[in-house]
Amino acid sequence: MNSPYEYRDLIRQILETVEQRTFHLLSGTCPLEEILTSKQWPGDYIVHVIGCTTCSHRFQFSVETYHGGGGAWEVITSPSSSKAQ
Ligand SMILES: [Zn+2]
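Cut-offs used in this document
- Residues numbered from 1 in each chain as written.
- Predicted model: local features only at pLDDT ≥ 70, side-chain atom pairs only at ≥ 80, totals over all residues.
- Heavy atoms only, no water.
- Helix = DSSP H or I, 4+ residues; strand = E, 2+ residues; numbered from the N terminus.
- Polar contact = N/O pair within 3.5 Å; in protein donor to acceptor, adjacent residues only side chain to side chain.
- Buried < 20%, exposed > 50% of the residue type's maximum accessible area, 1.4 Å probe, protein only.
- Contact = heavy atoms within 4.5 Å.
- Salt bridge = Lys/Arg side-chain N within 4 Å of Asp/Glu carboxyl O.

A look at the side chain of Ser38
Working step 1: Tracing the backbone shows Ser38 in the loop between α2 (32-37) and β2 (45-52).
Working step 2: Within polar-contact distance, the side chain of Ser38 engages the backbone oxygen of Glu34 at 2.7 Å.

In structure tokens, the structure reads:
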């Protein structure tokens, strides 16, 4: 993740998978749409947790907008582990 463009591109891809119901948004510091529509970043640190709709796969995506990038995908629940909640 090196530029805001890359980050927005990724957010767009996440939104598409949510619309296709491949993934669903579990939590986030702001709506995904806001990142694409607003001219300023909705926060210095943006975090979204996305869950797979067919298994317990969960990903966390975070980016530090203040430092200009540094976004990271991280698997927080693997499909082999039991479903939380
Ligand atoms: Zn899955």
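Picking up after the structure, the text goes on.
Concerning the environment of Val18
Working step 1: Considering the arrangement of structural elements, one finds Val18 in helix α1 (residues 4-19).
Working step 2: On the basis of relative accessibility, which here comes to 25%, the residue Val18 falls in the partly exposed class.
Working step 3: Setting aside residues no more than four positions away along its own chain, Val18 makes contact with Phe23, His24 and Leu25.

Considering the pattern of salt bridges
Working step 1: By the definition in use, this model includes 1 salt bridge.
Working step 2: Measuring nitrogen to oxygen at the nearest pair gives 3.5 Å for the salt bridge that ties Asp9 to Arg12. Residue Asp9 and its partner Arg12 are both found in helix α1; the two are separated by 3 residues, about one turn of the helix.
Working step 3: Residue classification places Asp9 among the partly exposed positions, given a relative accessible area of 37%.
Working step 4: Exposure remark for Arg12: the relative accessible area of 41% places this residue in the partly exposed category.

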